[in-house]
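An overview of the molecular structure
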Amino acid sequence: FFFGVLAMGCPGADEKSSPERLLQPPREGQGIQLGMVTQIEAGSEAEHCQFFRAPPEGLNVNRDEVRFSAGSHHVLLYSTPYAEIPTQDENGLSVDTSGVFDCSEGVTFDWQVTNLIGGTQNSTGESVIEFPADVAMKVPGNTVLLLNAHYVNTQPEPIQPEVAINVHTIPDDQAKHEGGVLFWYNAFIRIDPNSGGTGKMSCPVPHAITIGNAQSHMHRRGIGYEAVHLLPDGAKKSIYENDRWEGVPVEKYDGGLSVAAGSRI
């Protein structure tokens, strides 16, 4: 298995809005393009979402590209376990999911997701989904997908941000190895007023994997991040470290970073 890692972690209203404005779609038969256009009120912060379906033949995801107009902090594309696009969230509340809807309470709190299959937190579009030519992440046909974007509008008037994501695929006979994303998310980091704090989590790696790249995610009050490989023999090795909450570097491991079964990250 070859894994990428992601840890957790405007046009005018009169202009034509479409994903192609930001990013040319993949060639026919080589992927799909998804897009979202929404409105964020003046002086507000919000997360907005939209459901889509994977094509009937499924997707062999090899890499992705993401572009978004000013105002977004991250764009993420999830797979979900839903057989149909839901019209109620996990709390039983009715939601109009026929188009873009508000998901500011948090995607993973109000909806079920099974995997991360694309996204970025950098306005320049760097993404962690970039597998070798013969590696793919399998997405079954007709899977319900959820596109999520986090917006901050500091302007005195509304903005209409746009998001475009290309999911590039490879044919079945080219996909020799399975890839995936380890998406580790610590939602319980406490910091008392006028003080500092540190959040930690440790996740087991039960099977041997090869990590292709890594990227952290934190918000403006975050001042440092480190990922450490804890080997089965107790040895420790730092594998990713940075102090940035935006413009976050993607660490790429030439030839892959081997992680033995029984390790922890």
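The sections below set out a description of the structure shown in this document. (Residues numbered from 1 in each chain as written. Predicted model: local features only at pLDDT ≥ 70, side-chain atom pairs only at ≥ 80, totals over all residues. Heavy atoms only, no water.)

A few points about the pattern of salt bridges
Scanning the entire structure with this criterion turns up three salt bridges. Measuring nitrogen to oxygen at the nearest pair gives 2.9 Å for the salt bridge that ties glutamate 130 to lysine 252. Residue glutamate 130 is located in the loop between β7 (115-120) and β8 (135-139), and its partner lysine 252 is located in strand β16 (residues 251-259); the two are separated by 122 residues in the primary sequence. Linking aspartate 192 and arginine 190 is a salt bridge whose minimum nitrogen-to-oxygen distance equals 2.8 Å. (Salt bridge = Lys/Arg side-chain N within 4 Å of Asp/Glu carboxyl O. Helix = DSSP H or I, 4+ residues; strand = E, 2+ residues; numbered from the N terminus.)

What to know about the environment of glutamate 65
Residue placement: glutamate 65 occurs in strand β4 (residues 59-68). When the C-alpha positions of glutamate 65 and glycine 180 are compared, they lie 16 Å apart, and in sequence the two are 115 residues distant. Polar side-chain contacts of glutamate 65 include one of 2.7 Å to the side chain of histidine 168. (Polar contact = N/O pair within 3.5 Å; in protein donor to acceptor, adjacent residues only side chain to side chain.)

A word on the side chain of aspartate 64
Mapped onto the fold, aspartate 64 is located in strand β4. The charged side chain of aspartate 64 is buried without a salt bridge, its nearest counter-charge being arginine 63 at 7.5 Å. Within the structure, aspartate 64 has its side chain in polar contact with the backbone nitrogen of glycine 119 (distance 2.8 Å). The contacts of aspartate 64, once residues within four sequence positions are left out, are Gly118, Gly119, Ser127, Ile129, Ile165, Asn166 and His168. (Buried < 20%, exposed > 50% of the residue type's maximum accessible area, 1.4 Å probe, protein only. Lys, Arg positive; Asp, Glu negative; His and termini not counted. Contact = heavy atoms within 4.5 Å.)

Topic: the sheet that holds strand β3 (residues 44-53)
Ordered in space as β6-β3-β9-β5-β7, the five strands form an open sheet in which the pairing is antiparallel. The sheet is open, and its two borders are formed by β6 (101-102) and β7, each paired with just one other strand. Bridging between β3 and β6 involves two bridges; their strand directions are antiparallel. Looking across to β6, one finds that histidine 48 is bridged to aspartate 102. (Pairing = 2+ DSSP bridges.)

A closer look at the environment of lysine 176
As for its position among the elements, lysine 176 is in the loop between β10 (162-169) and β11 (177-184). Residues lysine 176 and glycine 35, 141 residues apart in the sequence, show an inter-C-alpha distance of 29 Å. Here aspartate 173 takes part through its backbone oxygen, which lies 3.0 Å from a polar atom of the side chain of lysine 176.

Looking at the state of the cysteines
Applying the stated rule across the entire model yields one disulfide. The disulfide partner of cysteine 49 is cysteine 103, and the S-S distance across this bridge is 2.1 Å. Torsion about the S-S bond of the cysteine 49 and cysteine 103 cystine: about 85 degrees, corresponding to right-handed handedness. With a gap of 54 residues between them, cysteine 49 in strand β3 and cysteine 103 in the loop between β6 and α1 (107-110) connect regions that are remote in the sequence. Like cysteine 103, cysteine 49 is buried. (Disulfide = S-S within 2.5 Å.)

Concerning unusual backbone geometry
Backbone geometry at asparagine 142 places phi at a positive 65 degrees, although glycine is not the residue there. Looking at where asparagine 142 falls in the secondary structure, it is placed in the loop between β8 and β9 (144-153). Take asparagine 142: its relative accessible area is 38%, and that puts it in the partly exposed class. You will see that asparagine 194, though not glycine, has its phi angle at about 55 degrees, which is positive.

Some remarks on the packing of aromatic side chains
For the structure shown, the criterion picks out seven aromatic pairs. Taking 5.4 Å as the distance between ring centres and 80 degrees as the angle between the ring planes, the aromatic pair formed by phenylalanine 51 and tryptophan 111 counts as edge-to-face. Highlighted residues: phenylalanine 51 in strand β3 and tryptophan 111 in the loop between α1 and β7, separated in sequence by 60 residues. The exposure class assigned to phenylalanine 51 is buried, which follows from its relative accessible area of 6%. Plain terms: the ring middles of tyrosine 225 and tyrosine 240 are 6.0 Å apart, the flat faces sit at 70 degrees to each other, and that makes the pair edge-to-face. One end of the pair, tyrosine 225, is in strand β14 (residues 225-230); the other, tyrosine 240, is in strand β15 (residues 236-242), with 15 residues separating them in the sequence. Residue class for tyrosine 240 comes out buried when judged on its relative accessible area of 4%. (Phe/Tyr/Trp six-rings, centres within 6.5 Å; stacked < 30°, edge-to-face > 60°.)

Concerning the pairing of β15
Pairing analysis gives six bridges linking β14 to β15, with the strands arranged antiparallel. Looking across to β15, one finds that valine 228 is bridged to serine 238. Counted between consecutive antiparallel strands, the loop separating β14 from β15 contains five residues, among which glycine 234 sits at a positive phi close to 95 degrees.

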